[in-house]
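Coordinate analysis (summary)
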Amino acid sequence: MSDVFRLPIAGAVENDFARLGGAFFTHLPGEKVGGQPQLLHANPGAAALIDLDPAVFSDPRFAAAMAGHLPLEGFESLAQVYSGHQFGVWAGQLGDGRALLIGQVRNRKGELWDIQLKGAGKTPYSRFGDGRAVLRSSIREYLCSEAMAALRIPTSRALSLVATGETVLREKPEPGAVIARLAQSHVRFGHFEHFHYAGNTEAVRALADHVIAEHFPDLDYADFYAEVVRRTAVLMAHWQAVGFAHGVMNTDNMSILGLTLDYGPFGFMDSYDPEFICNHSDEQGRYSVINQPGIAQWNLRALAVALSRIVPAQTLLEALDGFERHFGARYRSLMRAKLGLGREEEGDDRLIGELLALMAKGRADYTLTFRELPRAKEGWLNRFGGARAEATHWLERWRARVADEELSGLDRVNPKYVLRNWVAETAIRAVQDRGDVAALDRIFKLLQAPYDEHPKMEEFAAPPPAAMCGLEVSCSS
Ligand code: AMP
Ligand code: MG
């Protein structure tokens, strides 16, 4: 067996990040965790992003490479250093404690994509961690990245899922895994904070130059920041509109490209609850659904502090003021679309707000309330529990309002299937308890087409069955 693996791609392997120099990362190979890596799933859709021929999935050396056992030809793997604010407190140096950049690939379109492993072993930034990822949380990230992409929400992507055969100790012993994910950059707000708090203006500048050259050509530093504000606001609008919450919105998990990044204790709401906290470890509810846009602003302010080394603070704060405008405009347009409100009419905002208030009062299912709206009958009204009478009245007003609207496209706007916790848990149990990878594949494909009807998979559109209620997800995933 050759000691490097040549990826069958059309484009070129590049070493763009490494050009930043040694202050930004440490070169190291994967730790070769576990025994013989076993490919559990691979994703042709993500492979297409890097023009990777999916025939490679059957090559055992692909599994080895995607577990960090075999380096990719032309790239010296590396762990990146960054810092961050965790739960509002400066945490100092963090970094890729269990992530490893194993390649950067330029596709035919000219886009540069990182291939990053999660769970491939310890790095100099592992601190007290073991550098491992468990199968449970890897399946969750794998499925959710692709669910989000299908929902047209900016996100990192999932290329492959490999079982390591190793037992990893968390609250209890669990099987280990490595996920390979793709993103056009894994640079986080915390990368900039790292060099700011080290007093290193030149490194902040070099990092900004690096990110701008690849992703924001033509923008100066101030406009670059304004664009990060805009993208982050747009991301928050998408999360809110689809009922998604990221459990750990620390600055080290905030993508400089405005992507959903680092899936840990995330959650899609079942019944609508603005106070919903998806992370069991978040006792104060800092990252509750309702708080997320405000937290994004807090994080953007932390980024502004770091960038104040190269842009006047006043300019940055003015750009940050744009957040509410960007967020408000996108959220409003997404919610209008969900209700089929084409033309602007007075009272539209109130109509949207009242529905949300009734959903919260009656604990109506977030996803299905919108999905079933165009066909709303008794079952829809029953979702509102004690707020049923008010929901009846609201429905009449909505019908009158949309009488002249074109509603035939609503099912392309309101998904039927999202990655509910219990659905993720079903996939996890199938793989973990029964080795049933086919069940994982079925759920994966379902989430890739969330707006379609899937008569044989209907059960997965529903709120959790009694036995699957109250599943908890915590930071230790
Ligand atoms: P998170 O909030 O999960 O994205 O992680 C915060 C920090 O902890 C990052 O620097 C991670 O690389 C690191 N980390 C999380 N889990 C582990 C682990 N099992 N081993 C090493 N580092 C970890
Ligand atoms: Mg993280």
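Since the structure is predicted, the reported quantities are computational estimates derived from the model, not experimental observations. (Residues numbered from 1 in each chain as written. Chains lettered and ligands numbered in written order. Predicted model: local features only at pLDDT ≥ 70, side-chain atom pairs only at ≥ 80, totals over all residues. Heavy atoms only, no water.)

This brings us to the overall build of the protein. Helices and strands together make up the secondary structure of the protein, namely 14 helices and 13 strands. Over its C-alpha trace the protein gives a radius of gyration of 23 Å, about what one expects of a compact globule, namely 23 Å for 477 residues. Its C-alpha atoms put the protein at 65 × 60 × 45 Å along the principal axes. Each of the 477 residues in the protein was classed as buried or not, and the buried ones make up 58%. Pairs at least 24 apart in sequence give 72% of the contacts found in the protein among residues at least 6 apart. Here the protein displays about 18,800 Å² of accessible surface, and carbon together with sulfur accounts for 51% of that area. (Helix = DSSP H or I, 4+ residues; strand = E, 2+ residues; numbered from the N terminus. Rg over C-alpha atoms; globule rule 2.2 N^0.38 Å. Buried < 20%, exposed > 50% of the residue type's maximum accessible area, 1.4 Å probe, protein only. Contact = heavy atoms within 4.5 Å. Areas by Shrake-Rupley, 256 points an atom, 1.4 Å probe, with all protein chains shown as cover.)

Bringing the packing of helix 6 (residues 221–242) against helix 7 (residues 292–307) into the picture now. One way to put it is that helix 6 packs onto helix 7 with a least axis distance of 10 Å and a crossing angle of 165°. One way to sum up the angle between helix 6 and helix 7 is to call them roughly antiparallel. Classified by chirality, the crossing of helix 7 by helix 6 is right-handed. Facing helix 6, whose interface residues are Phe224, Tyr225, Val228, Val229, Thr232, Met236, Trp239 and Gln240, helix 7 presents Gln292, Pro293, Ala296, Leu300, Arg301, Leu303, Ala304 and Leu307. Partitioned by chemical class, the residues of the contact of helix 6 with helix 7 number 12 nonpolar, 3 polar and 1 charged. (Axes fitted to C-alpha atoms, helices over the stretch in contact; angles between N-to-C directions. Parallel < 35°, antiparallel > 145°, perpendicular 65-115°, else oblique. Left-handed = near helix turned anticlockwise from the far one by under 90°. Nonpolar A, V, L, I, M, F, W, Y, C, P; charged D, E, K, R; others polar.)

This paragraph deals with the domain arrangement of the protein. Think of interface size as the accessible area that goes away when the parts come together; that is how it is often given. Under the domain assignment, the protein is made up of domain 1 (17–186), domain 2 (190–334) and domain 3 (347–412). Each of domain 1 and domain 3 has a C-alpha centre, and the two are 41 Å apart. (Domains from an automatic or database assignment.)

This part is about the coordination of the magnesium ion (ligand 2). Surrounding the magnesium ion (ligand 2) are the protein donor atoms Asn253 (OD1) and Asp262 (OD), at 2.0 to 2.1 Å. Summarising the burial analysis for this pair, Asn253 and Asp262 share the class buried. (Donors = N, O, S within 2.8 Å, 3.2 Å for Na, K, Ca; no water.)

Turning our eyes to something else, we now look at the site of ligand 1. Around ligand 1 sit 18 residues in total, of which Gly95, Gly97, Arg127, Gly131 and Asn253 are the nearest. At 2.8 Å, a backbone N or O of Gly131 approaches a nitrogen atom of ligand 1. Arg170 has a polar side-chain atom sitting 3.4 Å from a nitrogen atom of ligand 1. Relative to its unbound accessible area of 480 Å², ligand 1 is 81% covered by the protein chains. Classifying every residue of the shell around ligand 1 gives 3 nonpolar, 7 polar and 8 charged. Inspection of the shell around ligand 1 shows a minimum of three residues originating in each of domain 1 (17–186) and domain 2 (190–334). (Near = heavy atom within 4 Å. Polar contact = N/O pair within 3.5 Å; in protein donor to acceptor, adjacent residues only side chain to side chain.)

What follows deals with the pattern of salt bridges. Close approach of charged atoms allows side chains with opposite charge to pair. The tally for this structure, following the rule as stated, stands at 43 salt bridges. Residue Arg181 is joined to Glu141 by a salt bridge in which the shortest nitrogen-to-oxygen separation is 3.0 Å. In this pair, Arg181 is assigned in strand 11 (residues 173–183) and Glu141 in helix 3 (residues 135–150), connecting sequence segments 40 residues apart. Of the residues examined, Arg181 reaches a relative accessible area of 2% and is grouped as buried. Of the residues examined, Glu141 reaches a relative accessible area of 1% and is grouped as buried. (Salt bridge = Lys/Arg side-chain N within 4 Å of Asp/Glu carboxyl O.)

Turning to helix 13 (residues 421–434), a few remarks are in order. Taking 1.5 Å per residue as the helical rise, helix 13 with its 14 residues ought to reach 20 Å, and the 19 Å between its terminal C-alpha atoms agrees with that figure. Buried residues of helix 13: Asn421, Trp422, Val423, Ala424, Glu425, Ala427, Ile428, Ala430 and Val431, and no others. The inward-facing, buried residues of helix 13 abut strand 3 (38–42), helix 3 and helix 14 (437–448). Looking one or two places after helix 13, you find Gly435, whose phi comes out positive at around 60°. (Expected span 1.5 Å × (residues − 1).)

Turning our attention to the environment of His186. Secondary-structure assignment places His186 in the loop between strand 11 and helix 4 (189–197). When its relative accessible area of 0% is taken as the criterion, His186 is described as buried. Separated by 111 residues in sequence, His186 and Gln297 have C-alpha atoms that sit 20 Å apart. Apart from the residues lying within four places of it in its own chain, the contact partners of His186 are Gln80, Asp114, Gln116, Arg181, His191 and Leu261. A distance of 3.0 Å separates the side chain of His186 from the side chain of Asp114, its partner in a polar contact.

This next bit is on the environment of Gln104. With respect to the element layout, Gln104 can be found in strand 7 (residues 99–106). Distance from Gln104 to Asp223, taken between C-alpha atoms, is 26 Å for residues 119 residues apart in sequence. The residues touching Gln104, leaving out its near neighbours within four places in the chain, are Ala12, Val13, Glu14, Asn15, Asp16, Phe17, Phe75, Leu112, Trp113 and Asp114. A distance of 2.9 Å separates the side chain of Gln104 from the backbone nitrogen of Asp16, its partner in a polar contact. Within the local environment of Gln104, its side chain forms a polar contact with the backbone nitrogen of Phe17, the two atoms lying 2.8 Å apart.

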